[in-house]
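# Structure at a glance
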Amino acid sequence: MHVIDSHTEGEPTRVILSGGPDLGSGSLAERAKRLATEHADFYRAVVSEPYGQEAMVGVMLVEPTRSDCVAGVIFFDAAAVIGMCGHGTIGVAATLAYLGKIGVGTHKLETPVGVVEITLTDANTVSVTNVDSYRLHKDVHLDVPNIGTVTGDIAWGGNWFFIVNDSPTAVVPSNIRTLTETAIAIRTVLEQQRFEGLNGGIIDHVILYGPALTDQGHSRNFVLCPDSTYDRSPCGTGSSARLACLAADNALPAQVEIYQESIIGSGYYLSYAPAQNGAVIPSITGQAFVTRDATLLDNPTDPLRFGVRLT
């Protein structure tokens, strides 16, 4: 299997160029569902240890259904196939540039949740114009055991997020383990109380916000991903959902750029334009670097060929 690895502001992406399963034809959403239901062992193995690494997001490059798109992309992590991934999209753009498939300029990618635009400024710097993002519920109060009452918004940015503006745990690198446990506890209550996005959407990401640790930062965040690892980047889809909340609260004017810090100190430049029905069109700018051009080997006798499973 031919793969290209990259990292976007510290968060790893693995793009599968060949050797993956045939997902057939149909819409990107249909093919993503096929990957989720028929090839779970495959996608988990690609991004899980020992063949992958913690926090890695995988990408299946597939034929788009739209002629104006340079590629179709289906994202997944070790826990689930996901609708959209901001850092992964930036990683895909850098990978396509590395392969000579795209040059400086604006291009389109087709995802299971819609078409996104990518603007390549140089070999590493990419701006993503994401899908329309919006807040569904404001000030949802949760009683979280051993933590207390936590208040957050439920918002869409290509995935569903529970966004906590005032984290109950300080958002600093030394607290990563505690932040992870806190976010998992919050997500557990969301599941237990059956909070959902539209059309039964699973709220599988939790973001905790705290003050910025640099002069240029707007804030710093900690992002829990569906596989219970933390995002090393500020999370593109999560930042999109946050922009929708800031816009709805009149806390950030349109077209004003802010710098969003991640838990490790990397960051994205963010802004938005108004969309219909109170939604926003987010813009996310970050950098990705190709780290590996490799062949993954199939080892049928390897007992860990489908990844390390701890549950």
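The text that follows walks through the structure, step by step, so that each part is easy to find. Just so you know, these numbers come straight off a predicted model, no measurement behind them.

What follows deals with the side chain of S127. The topology assignment puts S127 in strand β8 (residues 125-129). A relative accessible area of 18% places S127 in the buried class. Here the side chain of S127 touches T285 through a polar contact of 2.6 Å, side chain to side chain. Setting aside chain neighbours within four positions, we find S127 in contact with E117, I118, T119, I284 and T285.

Of all six residues making up strand β4 (residues 71-76), six are buried, and the element is well covered by its neighbours. What you see with β4 is no split at all: A71, V73 and F75 on one side and G72, I74 and F76 on the other are buried throughout. Pairing geometry for strand β3 (residues 57-62) and β4, over five bridges, is antiparallel. Note on β4: the bridge partner recorded for L61 is V73. Summarising the sheet, β4 and strand β6 (residues 105-111) pair through two bridges and their orientation is parallel. In the strand pairing of β6, G72 is matched with E110. Pairing analysis gives two bridges linking β4 to strand β5 (residues 81-82), with the strands arranged antiparallel. Across the sheet, F76 pairs through a bridge with V81, a residue of β5.

Further remarks concern the nonpolar core. One finds F75, F162, I186 and F222 to be the most contacted residues of the largest nonpolar core, which totals 58 residues. Not counting chain neighbours up to four residues away, the residues in contact with F222 comprise V171, I176, L179, T180, A183, V206, I207, L208, Y230 and I263. The next biggest cluster of nonpolar side chains, apart from the first, holds 18 residues, and it includes V3, A40, Y43 and V46.

Here the structure, examined in full by the defined rule, presents five aromatic pairs. Measuring from ring centre to ring centre gives 6.0 Å for F222 and Y230, while their planes differ by 25°; the resulting arrangement is stacked. By relative accessible area, which is 0% here, F222 ends up buried. For Y230, a relative accessible area of 15% corresponds to the buried category. Here a set of aromatic residues connected by ring pairs shows up, and it is made of Y134, W156 and W160. Taking NZ or CZ as reference, R232 lies 3.9 Å from the ring centre of Y230, over its face.

About the cut-offs
- Residues numbered from 1 in each chain as written.
- Predicted model: local features only at pLDDT ≥ 70, side-chain atom pairs only at ≥ 80, totals over all residues.
- Heavy atoms only, no water.
- Helix = DSSP H or I, 4+ residues; strand = E, 2+ residues; numbered from the N terminus.
- Buried < 20%, exposed > 50% of the residue type's maximum accessible area, 1.4 Å probe, protein only.
- Polar contact = N/O pair within 3.5 Å; in protein donor to acceptor, adjacent residues only side chain to side chain.
- Contact = heavy atoms within 4.5 Å.
- Pairing = 2+ DSSP bridges.
- Core = buried A, V, L, I, M, F, W, Y, C linked by side-chain atoms within 4.5 Å.
- Phe/Tyr/Trp six-rings, centres within 6.5 Å; stacked < 30°, edge-to-face > 60°.
- Lys NZ or Arg CZ within 6 Å of the ring centre and 35° of its normal.

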